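A look at the structure
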Amino acid sequence: MISIRECISETELISIRNKHIDFVSTEVEKRIDFYINLFNYISFLQLHQRTRTSTIINEVNKIIHRSQYEPFIKIIFNNEQKFDYNNLKKANLLKPKARNINNVVIVLKKIKKENRVLLGLDLSYKGLANKRYYTISKLVYDPIDFLLKKIFDYENWFLNLDPDGVWGPYQLTESLGMKVCSYCNRQYTFSLSKGKNKITRPELDHFLAKNENPLLSLSFFNLIPSCTICNRDCKGKKSFSYQTHFSPYEANSKHELIKYDYYPKTYLGSIGETDEFRIFVKNDGAKLSPELKAKIDGNTKVFELNTIVNEHKDVVQEIIKKRHISNDNYIETLQKTFPEAKLTLEEAYRLAYGNFYDEKEFNKRPLAKLTKDIAVSIGSLKKYSK
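Treat the numbers as computed from the prediction; the structure is a model and nothing was measured. (Residues numbered from 1 in each chain as written. Predicted model: local features only at pLDDT ≥ 70, side-chain atom pairs only at ≥ 80, totals over all residues. Heavy atoms only, no water.)

As for the nonpolar core
Within the largest apolar cluster, 114 residues are counted, with the highest numbers of intra-cluster contacts made by Phe39 and Ile76. Considering every element that reaches this core, the biggest residue donor is helix α2 (residues 10–47), with 14 residues. When near neighbours in sequence (up to four residues on either side) are disregarded, Phe39 contacts Ile76, Ala98, Ile101, Val104, Val105, Leu108, Phe146 and Leu147. (Core = buried A, V, L, I, M, F, W, Y, C linked by side-chain atoms within 4.5 Å. Buried < 20%, exposed > 50% of the residue type's maximum accessible area, 1.4 Å probe, protein only. Helix = DSSP H or I, 4+ residues; strand = E, 2+ residues; numbered from the N terminus. Contact = heavy atoms within 4.5 Å.)

What follows is the structure, given as structure tokens:
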């Protein structure tokens, strides 16, 4: 597990967040305006029951493009019945909350004013006040909960945006520069496209499930770049909260809240001649609050970190063997062997272990964290520890 905030400056992160909010809020406000106009018109129709169907069609088509009307309007009705413009006159066919038209309009106007706050709401980082705000918001916007899926439309709008457009999933993930999964640091998650043709990009995990938290379906800090294994296979539909699990946007200095270590099962395993050892995840429980430890343990369990990391014994075995054959001087030996290259610690480390030394670059290559944690654990970096 690596921290997004350790791999990107706060200034750059806020800039990306603002681009996301500026783009998404424009569409969200259009959808809110549609519903405000629609409910105002429904109020009119219920007082003017003799309004002709042709008139209703003309008025509704002024509110929103004709090709979009049905899915937007259908969700306000009680049942999945065949769409009929005349049903807009019939209060008994509307969902119970939709019948309180004045209240719906009032709440829609409020969410229009607050939508930018919701799109940028950071519940993960120094977020006690934000968490209180969100708890209150869920109560305030409950009267329009039946509209939220269409207002904050992740599935049918945001996911389908073109990779060469102004903004969308491709632009978001590419801007963050997370080339590996935030949860496991094992899988590459490049964002690649060719014009409008989508090639590949990271999954966007909703840290707080969008079905349970529709207000946050398009919220910047709720969209976590991740790999398919973590997002779909390991997490799937499991419910997360900030009390039970840890977000990659939370403070995690040098990604140190969890570390990888190993223990040998045989002598040959201890010197890197065989893979007779076990890799495991550890955290400094004595220094962590019980609440934080529970969250870290929650991630370790859900993402099967102790199990999956043992599929990378080859990487760890090479580190152990290099340490054994060089007597803890592998990096120093490289620097002395190529004096004209004037290798820095970071350069020599990268040649030695094929990965990045600086924690801020752990987002660039898979297993960067595992590699450094094991190198530190076995003593190969003892002379260079900061």
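That was the structure; now back to the text.
Some remarks on a negative patch on the surface
Residues Asp275, Glu276, Asp314 and Glu318 make up a contiguous surface patch of negative charge. Here Glu318 lies in helix α13 (residues 313–326). Of the residues examined, Glu318 reaches a relative accessible area of 49% and is grouped as partly exposed. (Patch = residues over 30% accessible without salt bridge, like charges linked within 9 Å, V, L, I, M, F, W, Y side chains within 5 Å. Areas by Shrake-Rupley, 256 points an atom, 1.4 Å probe, with all protein chains shown as cover. Salt bridge = Lys/Arg side-chain N within 4 Å of Asp/Glu carboxyl O. Lys, Arg positive; Asp, Glu negative; His and termini not counted. Charge placed at Lys NZ, Arg CZ, Asp CG, Glu CD.)

What to know about the pattern of salt bridges
On inspection of all chains with the given rule, the structure shows 20 salt bridges. The partner of Asp297 in a salt bridge is Lys293, and the shortest N-O contact between them spans 2.8 Å. With Asp297 and Lys293 both in helix α11 (residues 290–302) and 4 residues apart, this pair spans about one turn of that helix. Residue Lys293 is classed as partly exposed on the basis of its relative accessible area, which comes to 30%. The structure contains a network of salt bridges with shared partners spanning Arg5, Glu10 and Asp122.

Notes on a nonpolar patch on the surface
Taken together, the side chains of Tyr188, Phe190, Leu192 and Ile199 present a nonpolar region at the surface, about 390 Å² in accessible area. Summarising the element assignment, Ile199 is placed in strand β2 (residues 197–200). For Ile199, a relative accessible area of 54% gives the class exposed.

A word on the packing of aromatic side chains
In the structure shown here, the tally under the stated rule is 20 aromatic pairs. With 4.7 Å between their ring centres and 15 degrees between their planes, Tyr188 and Phe190 make a pair best called stacked. Residue Tyr188 is classed as partly exposed on the basis of its relative accessible area, which comes to 44%. When the ring of Phe240 is compared with that of Phe303, the centres are 6.0 Å apart and the planes differ by 75 degrees; the resulting orientation is edge-to-face. You can see Phe240 sitting in the loop between α9 (228–235) and β5 (259–264) and its partner Phe303 sitting in the loop between α11 and α12 (305–308), a full 63 residues away along the chain. Phe240 gets classed as buried once you look at its relative accessible area, which sits at 4%. Taken together through their ring pairs, the aromatic side chains of Tyr183, Phe207, Phe240, Tyr242 and Phe303 make up a single cluster. The ring of Phe277 is capped by Lys313, whose NZ or CZ atom sits 5.7 Å from the centre of that ring. Between Lys372 and the ring centre of Tyr357, over which it is positioned, the NZ or CZ distance is 3.7 Å. (Phe/Tyr/Trp six-rings, centres within 6.5 Å; stacked < 30°, edge-to-face > 60°. Lys NZ or Arg CZ within 6 Å of the ring centre and 35° of its normal.)

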